[in-house]
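# Understanding the architecture of this molecule
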Amino acid sequence: MIPSAENLFKAALLPAAILASFFTVQTGAVAIEASLPGWTGATGKWMFVALLGVWNCVLLTGMGVLAHDAVHRVLFRNPFCNELAGGLLSALALLPFCANRQFHLTHHSYAHQPGLDPEDEMHDHPFWYALSVGSAIALGVQYRNLLRGVLRFRESGHAARAAKDLLSLAVAASFYFVCVPALGLSLAYTVVPMLLALLPVFAWRALSDHYGVPAATSAAARREVYDTEPERWEEDVARRRREVSGWVVLTSPWLEWLWSHVNYHEVHHKYPWLSHAHLKAAFEATRDSQPYVVVKGYWRSLANLSRSKYYGTRERAQGFLTGG
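Notes on the structure in this doc start here. (Residues numbered from 1 in each chain as written. Predicted model: local features only at pLDDT ≥ 70, side-chain atom pairs only at ≥ 80, totals over all residues. Heavy atoms only, no water.)

## Points about the sheet that holds strand β1 (residues 247-250)
Sheets are built from strands that pair by backbone hydrogen bonding, the pairs being arranged parallel or antiparallel. In plain terms, the rule: When DSSP finds at least two bridges between two strands, those strands are taken to pair. Helix numbering and strand numbering both begin at the N terminus, where a helix is a DSSP run of H or I of at least 4 residues and a strand a DSSP run of E of at least 2.
The mixed open sheet is built from 3 strands, whose spatial order is β1-β2-β3. Single-partner strands in this sheet number two, and they are β1 and β3 (321-322). When strand β2 (residues 292-296) meets β3, the two strands line up antiparallel, connected through 2 bridges. Across the sheet, tyrosine 292 pairs through a bridge with threonine 322, a residue of β3.

Below, the structure is given as structure tokens:
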């Protein structure tokens, strides 16, 4: 049950909203500088630019999370539309789609398993290091996967995946660095502040996926997963339902919608074949029978995680545990 019409609407809305925000920040910055004298005008202008830069990153995160459904092939029923929309949305969020699929699906197969989960590299650090540097590491890992795909172009599948990523990223770069200036918009007011704010905003959300949860039972070894393999969704399903590898963050309805219900992250790991639109209903249906660690709000989540390690203790998680 894939809400293709809603996904199409959101896939078109988010890039349009970023473009509209670019026009807003350009107009507002010029107006503030013109209406306020000297230092006051310059300060007000750059504060406004910074604020809109953060908001644009919130929208950018929405595009990346929506592309995440395409990673699982549940954005559109049509395979071509799923890959095209996923590739473009992911690239606009500065992520190479196929390289991210490899990273993310491998993460699903070994979620929160020490030494096996690829997210260890980005978040298995002290909280403040993970918050400040983890996002940069995560972005670097995606491009490292892409580079490895390019270097292994003679092997089956690698060339096609790398070519799709490079083409999508070229389209995104053309949008930000060719189309935006062509519309008379200053990169200093629009794209650059958004890029500067990207990693902190990404970290603010992503740390609340798995940080602080006790380690899951580890497999014997890891292998890379390059594409959806429905039969793997049923591997270790009993363990996934029994253990907890991620959080549920109860947040405002508008942010749930904008970020495509990624706040129900543990539900997504228990039911990885579900469209984002069904995660809230799945949580409500299973919260009394399956274990979840639940926290109210992203700010409260970060305050809690700041006192924890990446692989938290069961005693600490117990205070947030609900259900079976």
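## A look at the packing of helix α4 (residues 97-109) against helix α7 (residues 158-182)
Test applied: Axes here refer to lines fitted to C-alpha atoms; in helices the fit is confined to the stretch in contact. Angles between the N-to-C directions go from 0 to 180 degrees. Oblique is the label for any angle not under 35 degrees, not over 145, and not in the 65 to 115 range, which are roughly parallel, roughly antiparallel and roughly perpendicular in turn. Contacts were defined at the residue level, with two residues in contact if any of their heavy atoms lie within 4.5 Å. Only Asp, Glu, Lys and Arg are considered charged in this grouping, and only Ala, Val, Leu, Ile, Met, Phe, Trp, Tyr, Cys and Pro are considered nonpolar; every other residue, Gly among them, is considered polar.
Remark: α4 packs on α7, axes separated minimally by 7 Å, with the N-to-C direction vectors making an angle of 120°. As far as their axial angle goes, α7 and α4 are oblique. Residues Phe97, Cys98 and Ala99 of α4 pack against Arg161, Lys164 and Asp165 of α7. Residues belonging to the contact of α4 with α7 are distributed by class as follows: 3 nonpolar, no polar and 3 charged.

## A few points about the pattern of salt bridges
Two side chains with opposite charge may pair up if their charged atoms get near one another. The line we're drawing: We define a salt bridge as a contact between a side-chain nitrogen of Lys or Arg and a carboxyl oxygen of Asp or Glu at a distance within 4 Å. Categorising residues by exposure relies on relative accessible area from a 1.4 Å probe, with only protein chains included: less than 20% of the type maximum marks a residue as buried, more than 50% marks it as exposed, and the intermediate range marks it as partly exposed.
Enumeration over the complete set of coordinates arrives at 13 salt bridges. Of the charged contacts in the structure, one is a salt bridge between glutamate 33 and lysine 45, with a shortest N-O distance of 3.2 Å. Linking glutamate 33 in helix α1 (residues 4-35) with lysine 45 in helix α2 (residues 38-71), this pair joins segments that are 12 residues apart in sequence. In this structure, the salt-bridge partner of arginine 152 is glutamate 155, at a minimum N-O distance of 2.8 Å. Take glutamate 155: its relative accessible area is 38%, and that puts it in the partly exposed class. Residues participating in the shared-partner salt-bridge network are Arg73, Glu83, Arg101, Lys164 and Asp227.

## Brief notes about the environment of leucine 14
Examined against the element boundaries, leucine 14 turns out to sit in helix α1. As for leucine 14 and serine 35, which are separated by 21 residues in sequence, their C-alpha atoms are 31 Å apart. Apart from residues no more than four positions distant in its own chain, leucine 14 is found in contact with Leu59, Gly62, Met63 and Leu258.

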